[in-house]
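One letter stands for each residue in the lines below.
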Amino acid sequence: MKDTPDLNFFAILARQPSLAVASLELGVTPPAVSRRLAQLEQRLGVRLLNRTTRRLSLTPEGERYLEEGGRLLREIEGLERSLAAGAEVPHGVLRINATFGFGRRHLSPAISEFRGLYPSVEIVLQLTDRTLDLTAHAMDIGIHFGEPPDRRILARKMAPNRRFLCAAPAYLQGRTEPATPRDLHAHQCIVIRESSTAFNNWPLSDGQRQEMVKVYGGLSTNFGEIAVDWALAGHGVLLRSEWDVAPYLRSGQLRRVLPSWEGSPSDIYAIYPQRHHLSSKVRLFLDFLAAKFADQRSLEAANTQVW
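Just so it is clear, the model here is predicted, and its values are computed rather than measured.

## Focus on the environment of Ser23
Tracing the sequence through the fold places Ser23 in helix α2 (residues 19-26). A relative accessible area of 4% means that Ser23 is categorised as buried. Sequence separation of Ser23 and Ile12 is eleven residues, and the distance between their C-alpha atoms is 9.8 Å. Look past the residues within four positions of Ser23 in its chain and what remains in contact with it is Val28, Thr29, Pro30 and Val33.

Structure follows, in structure tokens:
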């Protein structure tokens, strides 16, 4: 751990729920982690983490250190990779799998830009309603929402992603808005059948409490964009990814419902089969996509409070 730069150390620490778990990740004892954190805070002159016996939470200074430090780390990693790659030019076929809505709206423009930078790479984008078995379908990269279910595959987090409850002002007008998750029972809820789990069970959390709410409504679909269209048309309350509804929240076409409650996190990961060394086209595309999404979130954050 002593050879780990402070930014890397803090990034690892901030992802863990406790010092004990962080110590396992870093391969040292909890007291050693605590001492290293105290030394870092003393050097910076600010408190970065609030810690109790049960959990860690970032202070405002810690959030800034993690966000800006993470950006610096990505820039350093990108520089080192580009230097290591040298004159290597990526080429060949790159096969990518993603879900319909995210693939069309967010991944397709990124691929178009990447192709302009690396015309020797032929890209095949296959859109499906759920992530494919990459090995069985000969895919190089899959875009997955939520923690990857299979530890035998490699995964790289592309972007954080929250899930918001929202509805159109036209639907909320004249109705009593929910004050608690249980109040959703009295509302029409638009449900999405995207996995094998019970589609009308919504897990919600306010950061302290978790509730599983069984919702009801007259509309359901397996295609998220259709569900968003129905919400925009005023048919009910929707639980949907911030990446899908942020533009409508900014424009006022949708409003958040129960804003202190969110669905379970659904962070965006790129998954890929185990390899000893990633090919240059896979490595470069993952670096490009992570930077693209980070820039997009920074731009959005500068113009809105949605993120």
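## Describing the pairing of strand β7 (residues 163-167)
Taken across its five residues, β7 has four buried, putting it largely inside the fold. As judged from the four bridges shared by β7 and strand β12 (residues 237-241), these two strands associate in the antiparallel manner. Its bridge partner being in β12, Leu165 is matched across the sheet by Leu239. For β7 and strand β13 (residues 255-256), the ladder comprises two bridges, and the chain directions are antiparallel. Each bridged residue has a counterpart across the sheet, and for Cys166 the counterpart in β13 is Arg256.

## Quick look at the pattern of salt bridges
As enumerated under the stated definition, the model contains 17 salt bridges in all. Asp244 is the salt-bridge partner of Arg105, the closest N and O atoms lying 3.7 Å from each other. Of this pair, Arg105 sits in helix α5 (residues 100-117) while Asp244 sits in helix α8 (residues 242-251), placing them 139 residues apart in sequence. Given a relative accessible area of 24%, Arg105 falls into the partly exposed group. On the basis of relative accessible area, Asp244 is assigned to the buried category, the value being 8%. By sharing partners, the salt bridges in this structure join Arg104, Arg105, Glu225, Arg240 and Asp244 into a single network.

## What about the packing of α2 against helix α3 (residues 30-44)?
Two numbers describe how α2 lies on α3: the axes approach to 8 Å, and their chain directions differ by 100°. If you check the angle between α2 and α3, you find them roughly perpendicular. Touching Leu19, Ala20, Ser23 and Leu26 of α2 are Pro30, Val33 and Ser34, all from α3. Grouping the amino acids of the contact of α2 with α3 by side-chain chemistry returns five nonpolar, two polar and no charged.

## Observations concerning the pairing of strand β9 (residues 201-205)
Burial of the side chains of β9 is restricted to one face: Trp202 and Leu204 are buried, whereas none of Asn201, Pro203 and Ser205 on the reverse face is. Taken together, the five bridges between β9 and strand β10 (residues 210-214) define a ladder with antiparallel strand orientation. Note that in β10 the partner of Leu204 across the bridge is Glu211. Hairpin geometry of β9 and β10 is characterised by an intervening segment of four residues between the two adjacent antiparallel strands and by a positive phi of about 95° at Gly207. By the bridge criterion, two bridges tie β9 to strand β14 (residues 262-263) in an arrangement that is antiparallel. Bridge pairing in β14 places Leu204 opposite Gly263.

## Quick notes on the sheet that holds strand β8 (residues 189-192)
Sheet architecture is open: five strands sit in the order β11-β8-β12-β7-β13, paired in mixed fashion. Looking along the sheet, the strands with just one partner apiece sit at the ends: β11 (220-221) and β13. This element, α8, spans β7, β12 and β13 of the sheet and lies at about 120° to β12.

## What to know about the environment of Thr221
Looking at the secondary structure, you find Thr221 in strand β11. Residues Thr221 and Phe199 lie 22 residues apart in sequence; the distance between their C-alpha atoms is 9.8 Å. Setting aside its immediate chain neighbours within four residues, Thr221 contacts Val191, Ile192, Arg193, Ile226, Ala227 and Trp230.

Rules used in this analysis
- Residues numbered from 1 in each chain as written.
- Predicted model: local features only at pLDDT ≥ 70, side-chain atom pairs only at ≥ 80, totals over all residues.
- Heavy atoms only, no water.
- Helix = DSSP H or I, 4+ residues; strand = E, 2+ residues; numbered from the N terminus.
- Buried < 20%, exposed > 50% of the residue type's maximum accessible area, 1.4 Å probe, protein only.
- Contact = heavy atoms within 4.5 Å.
- Pairing = 2+ DSSP bridges.
- Salt bridge = Lys/Arg side-chain N within 4 Å of Asp/Glu carboxyl O.
- Axes fitted to C-alpha atoms, helices over the stretch in contact; angles between N-to-C directions.
- Parallel < 35°, antiparallel > 145°, perpendicular 65-115°, else oblique.
- Nonpolar A, V, L, I, M, F, W, Y, C, P; charged D, E, K, R; others polar.

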